[in-house]
Amino acid sequence: MSEHLGDKLSRLRRLSDLTQEELAEKAGVSVDVIRKLEQKRKGSARLPTLHALAGGLGVELTTLLGDPPGVPSTGEADPPQLVAVRRAVHPLMFAPPQESDEAEVLTPDLLRAELADSWSLYHSAEFPQLLKLLPGILADARLTASQGSDGGQAALGKAFQLAGHLSIRLGKLDLALAALERAIAAAEASEDPLLVPMVCNSLAWAYQRSNRLDDATAIALYAADGLERDGLADDAAGLRVWGGLTMSAATSYARRDDYSRADEMMRAAETAAGRLANLPPTEGDGRLLSVFSKSSVRIERVRLAVQHGRPEEALRLAKGMRLSKDTPPSWRTWLLLDVARAHTDLGDAEGAVKALESLRRVAPTWMRHHTLAVAIVSDLWELPTHPAGLRKLAEFLGVEK
């Protein structure tokens, strides 16, 4: 069982030599919230509150939340598969790209297909399999780029971007930032004008996880404005990248507790997503572009409403939602989690369990990778009566009973 948020908060507060009242004053949050968390009367808190607490403690958000399940912060050395990814991101100096030993001849088209399939693995939370494949993908991309093949630098940029995303999910922000720095360099050397803005979106996410919210907002807005200024947001591909950046900036505003600005931007993004149906479809494999559609915008609006204590609004936004076929499993997962959180906040334990049971059926792997699922079940377990199905969910997630 992973360390409870309240235990972690208490330990970090004592290490900082702060009383609960002193931390409340530094973070600008209610001392009652801190007390309830440390007494385990609350299993989670809103993201703006968690960001504020992390700032008051002088730590990154991931230090407070901990690594995802399966990547414990034990102080032990990285497992061999993660070491292999580090070596692929940081190869030996002056080491030439290695020729492939595979019988299948590496071509730009084959590499693009390999990258698209790898992004699908990422969105399906097949992290162990992706960890095994990623060093080879990076090697293939390096080789293709070194040979000056068409699209080689773009492929290398997407491979490094993927490494950055996976590293963020595994709680390895140092590796994520290194990979994304290399992704930017490859993107700038490529002929794809949308790749730098796409990687900027990934950087914004990494900055959000590092509690660098000003930096996250600035880079997302700068890249989005650049797309508009250069006329690149007029077709479907460019609009998808612009939309992803706009949603990212809105999320950063929300985490800075500026919900009205965030909601305004999300409404603008939703309007823009409606234009996609009237534009010619994107060329190539859409899996290599930013996730942006009417479904993804609505899912993000539900998430922000939940995080800012607006459960009724979240359920209203989610009601009757029809997800597009290209909505990745990861986004479907977030929607079900947020619906469960909203029901929990409204005291509807049965509704929360129903949403979590749906999540377990459609995305059990993703469910195990979200600390929010554990927090929701922990909160439900503290209730005087338990709805049918809660015990099985607690056992599945390893929640102490």
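Before any of the text, the structure's been laid out above.
We now turn to the structure provided with this report.

Conventions adopted
Residues numbered from 1 in each chain as written. Predicted model: local features only at pLDDT ≥ 70, side-chain atom pairs only at ≥ 80, totals over all residues. Heavy atoms only, no water. Helix = DSSP H or I, 4+ residues; strand = E, 2+ residues; numbered from the N terminus. Contact = heavy atoms within 4.5 Å. Areas by Shrake-Rupley, 256 points an atom, 1.4 Å probe, with all protein chains shown as cover. 1 Å grid on protein atoms, 1.4 Å probe; cavity = no way out; pocket = protein on both sides within 12 Å on 5 of 7 lines; lining within 4 Å. Points joined across faces, edges and corners; volume = space filled by probe spheres on them. Nonpolar A, V, L, I, M, F, W, Y, C, P; charged D, E, K, R; others polar. Expected span 1.5 Å × (residues − 1). Buried < 20%, exposed > 50% of the residue type's maximum accessible area, 1.4 Å probe, protein only. Salt bridge = Lys/Arg side-chain N within 4 Å of Asp/Glu carboxyl O. Axes fitted to C-alpha atoms, helices over the stretch in contact; angles between N-to-C directions. Parallel < 35°, antiparallel > 145°, perpendicular 65-115°, else oblique.

This part takes up the overall build of the protein chain. Helices and strands together make up the secondary structure of the protein chain, namely 21 helices and 0 strands. Across the protein chain, the fraction of contacts at a sequence separation of at least 24, relative to all contacts at a separation of at least 6, is 68%. About 19,000 Å² of surface is accessible on the protein chain, with carbon and sulfur atoms providing 50% of the total.

This model, assessed by the stated rule, comprises 1 cavity of 30 Å³ or more. Volume-wise, the largest cavity comes out at about 40 Å³. Contributing to the lining of the largest cavity are Tyr259, Ala262, Asp263, Met266, Arg301 and Leu304. Only helix H14 (259-274) and helix H15 (294-307) provide two or more residues apiece to the lining of the largest cavity. Among the elements that make up the lining of the largest cavity, the one with the highest residue count is H14 (4 residues). Partitioned by chemical class, the residues of the lining of the largest cavity number 4 nonpolar, no polar and 2 charged.

Our focus in this paragraph is helix H13 (residues 236-255). Helix length check: H13 (20 residues) gives 29 Å between terminal C-alpha atoms against 28 Å at 1.5 Å per residue, within 8%. Burial analysis of H13 places 20 of its 20 residues in the buried class, which makes it a mostly covered element. In the segment just after H13, Asp257 is the residue with positive phi, at about 70°.

It is worth spelling out the pattern of salt bridges at this point. Summed over all chains, the structure comprises 16 salt bridges. Where Arg13 meets Glu38, a salt bridge forms, and the shortest distance between an N and an O atom there is 2.7 Å. Taken as a pair, Arg13 in helix H1 (residues 5-15) and Glu38 in helix H3 (residues 31-38) lie far apart in primary sequence, 25 residues in all. Classification of Glu38 by relative accessible area gives buried; the value is 13%. Arg86 is the partner of Asp174 in a salt bridge, and the nearest nitrogen-oxygen pair spans 3.2 Å. You can see Asp174 sitting in helix H10 (residues 173-189) and its partner Arg86 sitting in helix H6 (residues 80-89), a full 88 residues away along the chain. Salt bridges here are not isolated pairs; linked through shared partners, they connect Asp263, Arg267, Glu270, Arg298 and Arg301.

Interaxial distance between H13 and H15 falls to 11 Å at its minimum, and their mutual angle equals 5°. As far as their axial angle goes, H15 and H13 are roughly parallel. Listed contacts from H15 to Met247, Ala250, Thr251 and Ala254 of H13 are Ser296, Val297, Glu300 and Leu304. Tallied by class, residues from the contact of H13 with H15 come to 5 nonpolar, 2 polar and 1 charged.

Moving on, we come to the environment of Leu111. Locating Leu111 in the fold gives a position in helix H7 (residues 108-123). For Leu111, a relative accessible area of 1% translates into the label buried. As a C-alpha pair, Leu111 and Gly152 span 41 residues in sequence and 9.0 Å in three-dimensional space. Those residues in contact with Leu111, other than ones at most four positions away along the chain, are Leu106, Asp140, Ala141, Thr144 and Ala155.

Looking at where Gln129 falls in the secondary structure, it is placed in helix H8 (residues 127-146). Separated by 11 residues in the primary sequence, Gln129 and Ser118 have C-alpha atoms spaced 9.4 Å apart.

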